[in-house]
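Observations on the three-dimensional arrangement
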Amino acid sequence: MKEMLIILFSVVLIDNLVLSRFLGVCSFIGLTKDLKNAMGMSVAVIFVMMVATGITYPIYWSILEPINLGYLQTVIFILVIAAVVQVLEAIIRKAFPPLYKAMGIFLPLITTNCAILGVMLINIQEIYNFGSAMMSSFGAGIGYMLAMFLFTGVRSKMENADIPEFMKGLPITLMAAAIVSVSFMGFKGVIENLFG
Amino acid sequence: MKNKNSLLYEFLKGIIKENPLLILMLGTCPALAVTTSAWNGVGMGIAATAVLIMSNVVISLLRKIIPDKVRIPAFITIIASLVTVLQFLMQAYVPALNASLGIFIPLITVNCIILGRAEAFANSNSVIRSAIDGLGMGVGFTLALFFIGSIREILGFGTFFGIKMPWITDGGLQPMMIFGLPAGGFAVFGIMVAITQKLNKRFYARQPQAVMGCAECPGCINAQTAAVASQVPENLGGPKTTKVVVPETLKEPGVLADHKDANKEESEETK
């Protein structure tokens, strides 16, 4: 249990997916203009990340690794993610229309989101067991959501600010991201203090 | 530069005018993550350029064979295979670089520059032009990564390509660790984008091209978003309330290329 909590806290706060690992930066900048988009994308990322980990983890350790085809992981994982996204989209549209309304439009964008493939590869690299891998994916998704929400708030404040002409648009957004990232540096050491 | 059909134009456009990283905002993740040193930045740039040229050539050769409906999965598979080959080569010949780039080598697969160029250019142009386009875009990406990496390495660690800079370390100026950390990456990247946009306005006398970003890259839009948007029933309210709705100009494959041509003409007129 303690190990699970350590993984959860470290992936959400210290190794935050967006702000310190730099995975999913594109959607972090592209979709944080309003809370609704940020929310839909985050829910979709958490969902796909969990399902894809649940599929790719057994594929790697029970099929690819025993027959020494571990190097095919990139090709296999990206195809699994693409297939998962397609199937999930069809299932959710039929079975859970409200959920589809909230996140359906974001599902196709996820195939090429580096956050998903990145987390799959990290889970394999870190040699987690299955439970830890699922917890790491869940935590990474929560960390992504946290970063998206915080940044949406920061950007909505920036709308009315008086910004120098040459920094308008993208540059000031990136500078704001730098400051949000600095705030996450404050969590360094939180694990040692919480769990000894 | 005058003749927009020349191969030289295809090569040069990737460097400032349509710089994939600083103007089109494609491939931001590796750009921020691996640029803690100049050598890492250049290594990442060269790796991505190699995959980009190869994928542009292969996709351009296969463009009449791949059916339109499954082209995105086909492109992704081609790119993933090329990335796997590259990973083997790097493990064998530059193991140190491979270790420091780590997970971002396999992540070249989902780098939007590559899928974006495959969809917007290689899918509708000849082999030679596609290769030149890949080379130009790759050089633009590498240059951008080199500048970001150099600034972060010099200011953050007081070295340049691993060589100590005496006037920083001995001149009483302490290296500022923040530039080596994630926060510094965002800040340097933001300043680089501001400078490039300024240069672009000055040399091409026009507003920079609208930011595409990975969420709206042509690869994602044409294949799936458009299909989804057309399938969502009105009462679910999906497409009309979200900003991912496809711009009218981007709905058809290949339109993006024409769109850019229109911009080129415009810029020449303003000259």
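The residue numbers shown here count from 1 along each chain, following its written sequence. For naming, the first written chain is A and the first written ligand is 1, with later ones following in the order written. Side-chain atom pairs in this predicted model are given and counted only at pLDDT of 80 or more, local residue features only at pLDDT of at least 70, and totals for whole chains, interfaces and linings cover all residues. To get the side-chain values, take all heavy atoms of the structure and skip hydrogens and water.

Regarding the overall build of chain A
Inclusion rule: Comment: elements are numbered from the N terminus, with helices defined as DSSP H or I runs of at least four residues and strands as E runs of at least two. When we talk radius of gyration, it's over C-alpha atoms, and the globule rule is simply 2.2 Å times the number of residues to the 0.38. Exposure is judged per residue with a 1.4 Å probe applied to protein chains only, and the accessible area is read against the type maximum: over 50% gives exposed, under 20% gives buried, and values in between give partly exposed. Should any heavy atoms of two residues lie within 4.5 Å, those residues are counted as being in contact.
Looking only at helices and strands, one finds 10 helices and zero strands in chain A. If you list the helices and strands of chain A from N to C, you get α-α-α-α-α-α-α-α-α-α. Relative to the 2.2 N^0.38 estimate, which gives 16 Å for 196 residues, the radius of gyration of chain A is 18 Å and therefore close to what a compact globule would have. Its C-alpha atoms give chain A principal-axis dimensions of roughly 60 × 45 × 30 Å. Considering chain A as a whole, with its 196 residues, one finds that 55% of them fall into the buried category. The long-range fraction of contacts in chain A, counting pairs at least 24 apart against all pairs at least 6 apart in sequence, stands at 79%.

Re the overall build of chain B
Where we set the bar: Working definition of accessibility: Shrake-Rupley area with a 1.4 Å probe, residue cover restricted to the visible protein chains.
Within chain B, the secondary structure is distributed over 12 helices and two strands. Counting helices and strands in the order they occur from the N terminus, chain B gives α-α-α-α-α-α-α-β-β-α-α-α-α-α. By the burial criterion, 56% of the 271 residues in chain B qualify as buried. By sequence separation, contacts in chain B at least 24 residues apart represent 73% of the contacts at least 6 residues apart. Surface summary for chain B: the accessible area is close to 11400 Å², and the carbon and sulfur share equals 66%.

Description of the packing of aromatic side chains
For the record, the criterion: Pairing of aromatic rings covers Phe, Tyr and the six-membered ring of Trp, with a centre-to-centre limit of 6.5 Å; geometry is then stacked below 30 degrees between planes, edge-to-face above 60, and tilted otherwise.
This structure, assessed with the given rule, holds 12 aromatic pairs over all chains. Judged by centre distance (6.4 Å) and plane angle (70°), the rings of Y60(A) and F77(A) are edge-to-face. Of this pair, Y60(A) sits in helix α3 (residues 35-64) while F77(A) sits in helix α4 (residues 73-95), placing them 17 residues apart in sequence. Relative to F147(B), the ring of F146(B) lies with its centre 5.6 Å away and its plane at 55°, an arrangement referred to as tilted. By way of ring pairs, the aromatic residues Y57(A), Y60(A), W61(A), F77(A) and F130(A) are connected into one cluster.

A few points about the interface of chain A and chain B
We count it as follows: Buried area is a sum: the accessible area each of two parts loses on coming together, probed at 1.4 Å, counted once for each and added. Salt bridge, as used here, is a side-chain nitrogen of Lys or Arg placed within 4 Å of a carboxyl oxygen of Asp or Glu. Polar contacts here mean pairs of N or O atoms no more than 3.5 Å apart (in protein, one a potential hydrogen donor and the other a potential acceptor; neighbouring residues in sequence count only if both atoms are side-chain atoms).
With 49 residues of chain A in contact, the opposing surface of chain B contributes 47 residues. At the boundary of chain A with chain B, total buried surface from both sides reaches about 4400 Å², with 79% on carbon and sulfur atoms. Across the chain A-chain B interface, the total number found is zero salt bridges. Connecting chain A to chain B are one residue pair in polar contact (both at pLDDT 80 or more). Of all the secondary structure elements, the ones that give two or more residues to the side of chain A that touches chain B are α2 (25-30), α3, α4, α5 (97-103), α6 (107-110), α7 (114-125) and α9 (170-185) of chain A.

What about the pattern of salt bridges?
Per the stated rule, a full pass over the model turns up six salt bridges over all chains. Across the pair D15(A) and R21(A) runs a salt bridge whose closest N-O atoms are separated by 3.8 Å. Overall, the relative accessible area of 32% leaves D15(A) in the partly exposed class. With a shortest N-O distance of 2.8 Å, E119(B) and R71(B) are connected by a salt bridge.

Thoughts on unusual backbone geometry
Residues and elements named next belong to chain A. Unlike most non-glycine residues, F22 shows phi in positive territory, near 60°. You can see F22 is positioned in the loop between α1 (2-14) and α2. For F22, a relative accessible area of 3% corresponds to the buried category. Not every positive phi belongs to a glycine, and I127 is a case in point at roughly 50°. Note on placement: I127 falls in the loop between α7 and α8 (130-158).

Quick look at the packing of α4(A) against helix α4 (residues 71-93) of chain B
For any two helices packed against each other, one specifies the inter-axial angle together with the distance between the axes. Our working definition: Where helices are involved, their axes are fitted lines through C-alpha atoms of the stretch in contact, as for all axes, and angles between N-to-C directions lie from 0 to 180°. Roughly parallel means an angle under 35 degrees; roughly antiparallel means over 145; roughly perpendicular covers 65 to 115; every other angle is labelled oblique. By convention, the crossing between two helices is left-handed when the near helix turns anticlockwise from the far helix through less than a right angle, and right-handed when the turn is clockwise.
At a closest axis distance of 8 Å, the pairing of α4(A) and α4(B) adopts a crossing angle of 155°. Judged on the interaxial angle alone, α4(B) and α4(A) are roughly antiparallel. In this structure, α4(A) meets α4(B) at a crossing whose hand is right-handed. Where α4(A) approaches α4(B), its residues T74(A), V75(A), I78(A) and L79(A) are matched on the opposing element by I76(B), T77(B), A80(B), S81(B), T84(B) and Q87(B).

Remarks on the confidence of the model for chain A
Atom-level detail of predicted coordinates should not be read off regions where pLDDT is low. In plain terms, the rule: The pLDDT score gives, residue by residue, the confidence of the prediction method on a 0 to 100 scale.
The share of residues in chain A with pLDDT of 70 or more is 97%, and the mean pLDDT across the chain is 84. Put simply, α6(A) is where chain A has its lowest mean pLDDT, 74, and α8(A) is where it has its highest, 89.

Looking at the packing of α4(A) against α7(A)
Residues and elements named next belong to chain A. For the record, the criterion: Residues were grouped as follows: Ala, Val, Leu, Ile, Met, Phe, Trp, Tyr, Cys and Pro as nonpolar; Asp, Glu, Lys and Arg as charged; and all remaining residues, including Gly, as polar.
α7 packs onto α4 with a crossing angle of 130° between their chain directions and a minimal axis gap of 10 Å. Classified by the angle between their axes, α4 and α7 sit oblique to one another. Classified by chirality, the crossing of α7 by α4 is right-handed. Between α4, through Q73, F77, I78 and I81, and α7, the contact on the second element is made entirely by I116, L117, M120, L121 and I124. When its residues are assigned to classes, the contact of α4 with α7 shows eight nonpolar, one polar and no charged.

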